Structure formats: structure tokens, C-alpha cells
Amino acid sequence: MSNFTFSLDKLKPEIKIWMDLIVQARKIPEGKIVPSFLEIIYRISSDLNNFLNSTLSNNNIKSMFIGILLIQYLNTKYAIEKVMMFAKGRCRVSPQSPSTLLHQLIKAFENVFSDSSLGKALFFILQRKFHAARKVILSLKKNDDEISSLLEAIIFSIIKQEFIPLILSDLNSYQTKFAQDSLSIYFSILKNLIYEIQTYHQAQKLSLKYLKNFYANLSQLKGLIDVPRKLGV
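Conventions adopted
Residues numbered from 1 in each chain as written. Predicted model: local features only at pLDDT ≥ 70, side-chain atom pairs only at ≥ 80, totals over all residues. Heavy atoms only, no water. Helix = DSSP H or I, 4+ residues; strand = E, 2+ residues; numbered from the N terminus. Areas by Shrake-Rupley, 256 points an atom, 1.4 Å probe, with all protein chains shown as cover. Core = buried A, V, L, I, M, F, W, Y, C linked by side-chain atoms within 4.5 Å. Buried < 20%, exposed > 50% of the residue type's maximum accessible area, 1.4 Å probe, protein only. Contact = heavy atoms within 4.5 Å. Salt bridge = Lys/Arg side-chain N within 4 Å of Asp/Glu carboxyl O. Axes fitted to C-alpha atoms, helices over the stretch in contact; angles between N-to-C directions. Parallel < 35°, antiparallel > 145°, perpendicular 65-115°, else oblique. Left-handed = near helix turned anticlockwise from the far one by under 90°. Nonpolar A, V, L, I, M, F, W, Y, C, P; charged D, E, K, R; others polar. Phe/Tyr/Trp six-rings, centres within 6.5 Å; stacked < 30°, edge-to-face > 60°. Arc of directions from axis to C-beta. pLDDT = per-residue confidence, 0-100.

> I'd like a description of the overall build of the protein, backed by residues and values.
A count of helices and strands for the protein gives 10 helices and zero strands. Taken from the N to the C terminus, the helices and strands of the protein come in the order α-α-α-α-α-α-α-α-α-α. Here the protein displays about 13,300 Å² of accessible surface, and carbon together with sulfur accounts for 55% of that area.

As C-alpha cells, this is what we get:
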């Protein structure tokens, strides 16, 4: 599988529009009429609500997941105060903060896709509950040769650490290929997610190492306790 390239997922066309808007807001000089980050967040939210009300499909599930990741990206990368300054004169008051909106969207995501294993796995990944996601993913029972897309690979990288360097290699390749395209944001967000999954694996390894050391020390302690008994003390 070393020469295998994970393909791009088929996502809703709205996602490309969101990324184009983000690029405009980031790169077009001040004074030009461009949407603020806050306005983009509400545009994404509105489209996501439409996805939620449409037919359940893998395309919708994955697109919903990416939409929420994009809002998380905007909410984390830019402080709300900065967003409000950027929107001054056009959007002074936010009826609810993006973080509140995120909570509502993630809850809606959970409710709509509760019967889908893919939806459940992505729901836990959105919340960074990788241990819970791992349990769901283990039940999917997919072979390596059935895992073809980037998002699928990222999902299964929670139980298959060997996917991580392959995914990162593909993401770097796609970033170079789409360097002048707004899709580059997508690959940056997925890379950040992969780094978080990598950190999760490292934490798991560290926990196992501590546990192993604990039992080793316990064995030594048991040996010391048994010495007086052997001596008849």
C-alpha cells in the first residue's frame, strides 16, 4: 500500500464556495467589499441546515463534517473580537457566538446521523473523542483495500497508525497540486486533524508504557514482600 494514493472525497459543491469566500476574506485588501468571517460562518451554517434536511447519504455526512470543521477553523483561528472588527459597519452584533452555533450543529449532526456508523465515527472525531470513535470504527470491519478516500483513511487512521504517514504524504502532494486553489484550506484542516490523531496515538503509547512500568514495579515490590516470608520472618 506504500504507493497508494487516497483519492479526494466527493463533497457537495457548496464546500468549494465556502472556501472561495474564506480566501476572499483573507486575501483581498482592506476596503474591498468581501464577506466577514462571521458572515461566512452563518453562510456555512445555513447550508448545513439544508444538508440536515436532505436525504441521508455518505456525501451529505462527509460534507456536514467538513462544514463543521470549517466553522471550527474560523472560530479557532480568528478571535471573535477580531471577526467583529473585520465586520464593523456591516455586522455589528452576532445573535449567537460561533462556539454556541458549533455546539448546536454538532448536536444536530449527532441526532440526524445516529443510525449511521460513519456518522457516529465522524461525530466523535468532531468532539475529539478518539477513544469513542475507535470503538465505532472497529465495528466497521473494512479491509485496507476498501479504504480509498482521504476522509475514510483519516477515520481508519485512529485504529491503523500506519495510515498516518501515507495520509500526510498525500495531503502534502494535494497541497502542492492545489496551491493556488482555495481547496488548500481543506488540506490544511485535514493535516491539523491528523496531527491531533497522531498525538492521541502517542498518548496511548505513553499510557501503555506507564502501565507496563507500574506492573514491573509492582512485580519487584511483590518480590521484596515475598523475601521475609521465604526467610520465615
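> Now, about the nonpolar core: what can you tell me, with residues and values included?
Of all hydrophobic cores here, the largest spans 67 residues; its most connected members are Phe 65, Ile 66 and Phe 109. Looking at this core element by element, the count peaks at 10 residues for helix α3 (residues 58–77). Non-local contacts of Ile 66, meaning those with residues more than four positions away in its chain, are made with Leu 11, Ile 15, Met 19, Leu 151, Tyr 186 and Leu 190.

> A description of the pattern of salt bridges should follow, citing residues and the corresponding values.
Taken as a whole and judged by the stated rule, the model has eight salt bridges. Of the charged contacts in the structure, one is a salt bridge between Asp 20 and Lys 16, with a shortest N-O distance of 3.2 Å. Of this pair, Asp 20 and Lys 16 both sit in helix α1 (residues 14–27), separated by four residues, roughly a single helical turn. A relative accessible area of 29% places Asp 20 in the partly exposed class. Residue Lys 16 is classed as partly exposed on the basis of its relative accessible area, which comes to 33%. Across the pair Asp 181 and Lys 16 runs a salt bridge, and its minimum N-O distance is 3.7 Å. With Asp 181 in the loop between α9 (163–177) and α10 (184–230) and Lys 16 in helix α1, this residue pair connects regions lying 165 residues apart in the sequence. Look at the salt bridges and you will find they share partners, linking Lys 16, Asp 20 and Asp 181 into a network.

> Which residues make up the packing of helix α6 (residues 117–126) against helix α7 (residues 130–138), and what values do they have?
Put simply, α6 and α7 touch, their axes get as near as 8 Å, and they point 165 degrees apart. In terms of their interaxial angle, α6 and α7 are classed as roughly antiparallel. Taken as a pair, α6 and α7 cross one another with a handedness that is left-handed. Here α6 contributes Ser 117, Lys 120, Ala 121, Phe 124 and Ile 125 to the contact with α7, which in turn contributes Phe 130, Ala 132, Ala 133, Val 136 and Ile 137. Residues that form the contact of α6 with α7 fall into these classes: eight nonpolar, one polar and one charged.

> Describe the packing of aromatic side chains, and please don't skip the residues or the numbers.
The final tally for this structure, using the stated rule, is eight aromatic pairs. Ring geometry for Tyr 174 against Phe 178: centres 6.3 Å apart, planes inclined by 40 degrees, an arrangement best described as tilted. Both residues of the pair, Tyr 174 and Phe 178, count as buried. Between Tyr 174 and Phe 187, the aromatic rings sit 5.5 Å apart at their centres with planes inclined by 15 degrees, giving stacked as the arrangement. Of this pair, Tyr 174 sits in helix α9 while Phe 187 sits in helix α10, placing them 13 residues apart in sequence. Using a relative accessible area of 0% as the deciding quantity, one classes Phe 187 as buried. Three or more aromatic residues joined by ring pairs form one cluster here, namely Tyr 174, Phe 178, Tyr 186 and Phe 187.

> Tell me about α7, and please be specific about residues and values.
Three or more residues of α7 are buried, namely Phe 130, Ala 133, Val 136 and Ile 137. The buried residues of α7 all sit within an arc of 115 degrees when viewed along its axis, so they share a single face.

> Break down the confidence of the model for the protein for me, citing the residues and quoting the values.
Counting all residues, the mean pLDDT for the protein is 81, and 76% of those residues have values of 70 or more. The weakest mean pLDDT in the protein belongs to helix α4 (residues 80–86) at 53; the strongest belongs to α9 at 95.

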